[in-house]
Amino acid sequence: MPKVVLNGVTVDFPFQPYQCQQEYMSKVLECLQKKVNGILESPTGTGKTLCLLCTTLAWREHLRDTISARKIAERVQGELFLGQDLSSWGNSIAADGDPIACYSDIPKIIYASRTHSQLTQVIGELRNTSYRPRVCVLGSREQLCIHPEVKKQESNHIQIHLCRKKVTSRSCLFYNNVDEKSLEQELAIPILDIEDLVKSGSKHKVCPYYLSRNLKQQADIIFMPYNYLLDAKSRRAHGVDLKGAVVIFDEAHNVEKMCEESSSFDLTPHDMASGLDAIDQVLEEQTRMVQQGELGLEFSADPTGTGLHMELQDIAKLKMILLRLEGAIDAIQLPGDDSGITKPGSYIFELFAEAQITFQTKGCILDSLDQIIQHLAGRAGVLANTVGLQKLADIIQAPGPVLDFLAFQVVFSVDSAEGNPGSVPWPGVSQAYKVHIHPDTGHGRAAQRSVSWSASTSRKQGKVLSYWCFSPGHSMRELIRQGVHTLILTSGTLAPLSSFTLEMQIPFPVRLENPHVIDKHQLWVGVIPKGPDGAQLSSAFDKRFSEECLSSLGKALGNIARVVPHGLLVFFPSYPVMEKSLEFWQARDLARKMEGLKPVFVEPRRKGSFSEVIDAYYKQVASPGSSGATFLAVCRGKASEGLDFSDSNGRGVVVTGLPYPPRMDPRVVLKMQFLDEMRSQSGAGGQFLSGQEWYRQQASRAVNQAIGRVIRHRQDYGAVFLCDHRFAYADARAQLPSWVRPYLKVYNSFGHVIRDVAQFFRVAQKTMPAPAPLAAAPSVGREEAAVSMAKLPSTLLSTRKATSLDVHVPSLRPRPTGSPSPGSPEKSWCVEYEQEPVPAQQRPSGLLAALEHSEQRAEALPDVVHPREEEALGYTAVALQRKKRLADLQRGGRRKIRLVSPQEPAAAVQAGRAKLFMVAVKQALSQASFDTFTQALQDYKGSDDFETLAACLGRLFAEDPRKHTLLQGFYQFVRPHHKQQFEDICFQLTGRSCNRQPEHSLSHGQHAQPAQDHSGL
């Protein structure tokens, strides 16, 4: 592997690094060598993960080598190197004059990312390097436990307590083997991700959870999700020591949100009710045992092995504390408009004091809560639900002697804060935190889960106690106080860096905004202020649901889908906007037209359905002969975070608006107020963002994350469509990533957008190497590739379910909808492709002329239809036409692109349909029958004798059920005044209406009426 010397450190890199990669590695080394923090933005696809791993591990090896050299020099200096300066053997001083005297002083690397799936990708990159450090990956019991009884528990905290019981009693075989087997080479030496750890643990009968904790002690690099670092409770639970460590936050664009959420909590009536029920259950159980004289008045003995050592009066006291807390919350008067009230953060101490929860009593309360939770661990049923008790324990659990306002332990982490307010880090708890009490909007849903909760919650709507942190700087400063060596935040979308660093409230002397590794012909970025009909595109609150805006956006997406090959991603500002748009398009037939171009998949709200939908999308894109697929998603959703949309999976990204947070949400309002307060207090220096700046930043960062889906590696290419007129404003453009801004162009004409994008993909497909074929699932064949155009067989029901929008979008459940009038503007969105320009006067006019024209060329056409595929041909030859267009696009041939308006009937489109329909008929019929068919058409053209034509078609197509689809498909070419007669005859002969539309993945409550006929027959 090539060796690159940067800042005196030799870095082994898998290939010769690009200039931007060398710059990135130099910045990482600057952070490490100067012992300072860094914030580094490098676009997805520039290899930042590889750069981070190679650089940090090379730096550690450099430190190890210099220590070795110094030890050798000290040992032999007197004999061999008289008078020679030891510094010639290398410098093992880390920074600030702190010498690293021994190997154990070499800083560990803590590599954190958002999820374990992202960490698995990082570990995969590590395996591609020449470095082989000792590795450890930390996870939860939910992910790592292999004990059958513990694993089947649905609640994570129940798993924790049941695991502790088995570990304490040494009744877990897997835990008992940890000490003996953790030193085995097969477990300690390989680079294992979390899945490998579970497999190895199962193979060797050793607990992966405790094995990873053992491996952590000797590891050079530790991988973990970054909530393990930001949550003080998780840090302690996993024994994470940050002193002297190099901490890396990859995918750090979410760190701000995670910092605030890990330091906040919401205590709901459901939590209080379930907690009281759990205590009631234990109280009744123990009272019954006392009455039976089995244990006496005290439970010092524990014959059941539950670990409960509590007196009855202590259980009753704990119940009284919860009732008092519930009463204190309920006693707070709220405004009549259900808006809730807000109080300073310090109010939380007053509220808890009313329930006798103070710093002095918290130890006893926590011990009692822990005993009851462990006593109930592993029990089934609603009454064993201990989630509420666990949440209360998390809220009041103190993290230790260090002043700390983090992660559900903020309330009692300030031993001396009550008596010494000056000890609170600035901004203090009263400013950085707010107490918000508001009605429980989820009360009705929660009450349905259990009928056994206390009457206090069932007789009236409860109140939610929210304790919200608005300063992510608290979490960051806490990490610095732990004594980290260096803190590095990196992501592909951190821009604008200035506002991001202000939010973190710690210094970042080293900063970088890296360019991309791609060339100019690999990226197209356009701002599209207006749709094809000239209407303004806007997701502003007062316009986004207007009929004009929704219609124009639907037409724009249809045209974009025609010119973008393979996979197309469409991002909406929110789920409600996406669902409302789909409802509108479905009611006006726009959804069907989109589906006719590319099958449409929708990101579901429920996480459990997401993998099914995204897998079906990947399969559709990879299907042989497929025209690709469209994936509708939301900004900040799962699809915008780290998923692989490389190459054909994502050739285009459409952003349909600026995804601002909900302006009237109490948390958003309070966040903006907090920032405005802090900014006014900090004076003209501007150490804080204003509320409005933060609000705009949230939208920009979500947009930038969506844009990052389009280019995933050096050889990738794609187009970005910003479909909102506000993207044309200078301040909005300035918020885009630095690597995107040079490519940006604002278009005043939608026709120019289509022209330039088509040219862009022609050039890209000619100049860029073809990507490796996407692996399609064995079940995905040609019929499934045309899933939106033909009736789905039973084997494809899973894909049908994945693409059915009404499964994931309840508002799209089938219901009667009106059809657009024949002259409605929706009939106009169409983009026509032709391999060579055809003068208007030479185009065939009407079906018969088109069939005559195509018959002359039928022999020259490829055999794209086979007799056994007649069912897949289904509704005329639109699927074949799509395949031909895709083949033409893949060959990169020139084609004419023209927006078709109502004043300019799409005669050539009719000709294309007729031509492909003729091919299908010719393949299905014998030569004699085909001659009879063409003669019947000629007679119909001259005589307008429909009955003779219908009799001939019946003989040719009605007897063989496989030919019924061809008979039904002929409907669109019948003259308007004969359509109803043909409809009746078609139903009599086949038992099915020839006017029914193809079964799409978009469900329709009522089939649309036929389009206005322009055939000229």
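Here, the structure is the one placed above.
Just so you know, these numbers come straight off a predicted model, no measurement behind them. (Residues numbered from 1 in each chain as written. Predicted model: local features only at pLDDT ≥ 70, side-chain atom pairs only at ≥ 80, totals over all residues. Heavy atoms only, no water.)

Caption draft 1: Quick look at the overall build of the protein. In terms of regular secondary structure, the protein is built from 43 helices and 24 strands. Every one of the 1017 residues in the protein was classed for burial, and the buried ones make up 58%. By sequence separation, contacts in the protein at least 24 residues apart represent 79% of the contacts at least 6 residues apart. As displayed, the protein has an accessible area near 42000 Å², and 51% of this comes from carbon and sulfur atoms. (Helix = DSSP H or I, 4+ residues; strand = E, 2+ residues; numbered from the N terminus. Buried < 20%, exposed > 50% of the residue type's maximum accessible area, 1.4 Å probe, protein only. Contact = heavy atoms within 4.5 Å. Areas by Shrake-Rupley, 256 points an atom, 1.4 Å probe, with all protein chains shown as cover.)

Caption draft 2: Spotlight on helix H26 (residues 575-587). The first and last C-alpha atoms of H26 sit 18 Å apart over 13 residues, in line with the 18 Å expected at 1.5 Å per residue. Looking at H26, one finds that the buried residues are Tyr575, Val577, Met578, Glu579, Ser581, Leu582, Phe584, Trp585 and Gln586. Looking at the residues trailing H26, positive phi occurs at Asp589, about 75°. (Expected span 1.5 Å × (residues − 1).)

Caption draft 3: Here's a closer look at the pairing of strand E19 (residues 629-634). Of all six residues in E19, six are buried, a share of seventy percent or more. Burial along E19 is two-sided: the face carrying Ala629, Phe631 and Ala633 and the face carrying Thr630, Leu632 and Val634 are both buried. The pairing of strand E18 (residues 600-602) with E19 spans three bridges and is parallel. Counted as the bridge partner of Val602 is Leu632 from E19. (Pairing = 2+ DSSP bridges.)

Caption draft 4: Structural view of the side chain of Asp12. Within the secondary structure, Asp12 sits in strand E2 (residues 9-12). The exposure class of Asp12 is buried, given its relative accessible area of 14%. A polar side-chain atom of Asp12 sits 2.7 Å from a polar atom in the side chain of Lys3. Polar contacts involving the side chain of Asp12 include one to the side chain of Ser130, which spans 3.3 Å. In this structure Asp12 touches Pro2, Lys3, Cys54, Ser130 and Tyr131, once residues within four positions along its chain are discounted. (Polar contact = N/O pair within 3.5 Å; in protein donor to acceptor, adjacent residues only side chain to side chain.)

Caption draft 5: Summary view of the packing of aromatic side chains. Taken as a whole, this structure holds 29 aromatic pairs when the rule is applied. Ring centres 5.0 Å apart and planes at 75° place the aromatic pair Phe13 and Phe15 in the edge-to-face group. Owing to a relative accessible area of 34%, Phe15 belongs among the partly exposed residues under this scheme. Ring centres 6.4 Å apart and planes at 50° place the aromatic pair Phe631 and Phe645 in the tilted group. Highlighted residues: Phe631 in strand E19 and Phe645 in the loop between E19 and strand E20 (652-655), separated in sequence by 14 residues. Each of the two residues, Phe631 as well as Phe645, counts as buried. A cation over a ring is seen here: Arg651 above Tyr717, with NZ or CZ 3.7 Å from the ring centre. The lysine or arginine in question, Arg975, covers the ring of Tyr940, its NZ or CZ lying 4.9 Å from the ring centre. (Phe/Tyr/Trp six-rings, centres within 6.5 Å; stacked < 30°, edge-to-face > 60°. Lys NZ or Arg CZ within 6 Å of the ring centre and 35° of its normal.)

Caption draft 6: Focus on the environment of Pro604. Mapped onto the elements, Pro604 comes out in the loop between E18 and helix H28 (607-622). For the pair Pro604 and Val634, spaced 30 residues apart in sequence, the C-alpha to C-alpha distance is 9.6 Å.

Caption draft 7: Quick look at the pairing of E2. Note that strand E1 (residues 3-6) and E2 share four bridges and pair antiparallel. Following the sheet pairing, Val4 is matched in E2 by Val11. With antiparallel pairing between neighbouring strands as the criterion, E1 and E2 make up a hairpin whose turn holds two residues, including Asn7 at a positive phi of roughly 55°.

Caption draft 8: Representation of the sheet that holds strand E11 (residues 341-344) within the structure. Judged by pairing direction, the sheet is antiparallel, and its four strands sit side by side in the order E10-E13-E12-E11 without closing on themselves. Pairing within the sheet leaves two strands with one partner each, and these edge strands are strand E10 (265-267) and E11. Adjacent strand axes in the sheet meet at a mean angle of 20°, parallel and antiparallel pairs treated alike. Bridge count between E11 and strand E12 (residues 433-439): four bridges; the pairing is antiparallel. Looking across to E12, one finds that Thr342 is bridged to His436. Contacts between helix H15 (residues 269-291) and the sheet are confined to E10 and strand E13 (463-469), with E10 contributing the most and set at about 60° to the helix. (Axes fitted to C-alpha atoms, helices over the stretch in contact; angles between N-to-C directions.)

Caption draft 9: Structural context of unusual backbone geometry. Here Lys205, not a glycine, exhibits a phi torsion of approximately 55°, which is positive. Mapped onto the fold, Lys205 is located in the loop between helix H10 (194-204) and helix H11 (208-218). The exposure class of Lys205 is partly exposed, given its relative accessible area of 44%.

Caption draft 10: Summary view of the sheet that holds E18. Ordered by their spatial adjacency, seven strands build an open sheet running E18-E19-E17-E20-E21-E16-E22, and the pairing between neighbours is parallel. With partners counted over all chains shown, the strands left at the sheet margins are E18 and strand E22 (744-746), one partner each. Across this sheet, the average inter-strand angle for adjacent strands is 20°, counted without regard to direction. Of the strands in this sheet, strand E17 (567-572), E18 and E19 touch H26, which is tilted by about 135° from E19.

Caption draft 11: Summary view of the nonpolar core. Core analysis: the largest hydrophobic core is formed by 92 residues, its most contacted members being Tyr111, Phe223, Met224, Leu229, Phe249 and Met476. Considering each element in turn, this core owes the most residues, ten residues, to helix H2 (residues 48-80). Contact partners of Tyr111, with chain neighbours within four places excluded, come to Thr49, Leu52, Leu53, Leu119, Val122, Ile221, Ile222, Phe223, Met224, Ile248 and Asp250. In this structure, Ile321, Ala355, Ile372 and Tyr467 belong to the second largest nonpolar core, which totals 55 residues. (Core = buried A, V, L, I, M, F, W, Y, C linked by side-chain atoms within 4.5 Å.)

Caption draft 12: The pattern of salt bridges, seen in detail. For the structure on display, the rule yields 29 salt bridges. As a salt-bridge pair, Lys27 and Glu30 come within 3.9 Å of each other at their nearest N and O atoms. Highlighted residues: Lys27 and Glu30, both in helix H1 (residues 19-34), separated by three residues, approximately one helical turn. On the basis of relative accessible area, Glu30 is assigned to the partly exposed category, the value being 22%. Residues Asp756 and Lys745 are paired through a salt bridge, measuring 3.7 Å at the closest nitrogen-oxygen approach. Taken together, the positions of Asp756 in helix H32 (residues 750-767) and Lys745 in strand E22 put the pair eleven residues apart, joining distant regions of the chain. Accessibility expressed as a relative area gives 42% for Lys745, which makes it partly exposed. Salt bridges sharing common partners tie together Lys27, Glu30 and Lys34. (Salt bridge = Lys/Arg side-chain N within 4 Å of Asp/Glu carboxyl O.)

Caption draft 13: Structural context of the packing of helix H24 (residues 497-504) against helix H30 (residues 691-707). With their axes 11 Å apart at the nearest point, H24 and H30 run at an angle of 120° to one another. Both H24 and H30 take part in a crossing whose hand is left-handed. Contact with H24, carried on its side by Ser499, Phe500 and Glu503, involves Trp694, Gln697 and Arg701 of H30 and no other residues of that element. Grouping the constituent residues of the contact of H24 with H30 by class yields two nonpolar, two polar and two charged. (Left-handed = near helix turned anticlockwise from the far one by under 90°. Nonpolar A, V, L, I, M, F, W, Y, C, P; charged D, E, K, R; others polar.)

Limitation: the analysis is restricted to geometry and does not speak to function.
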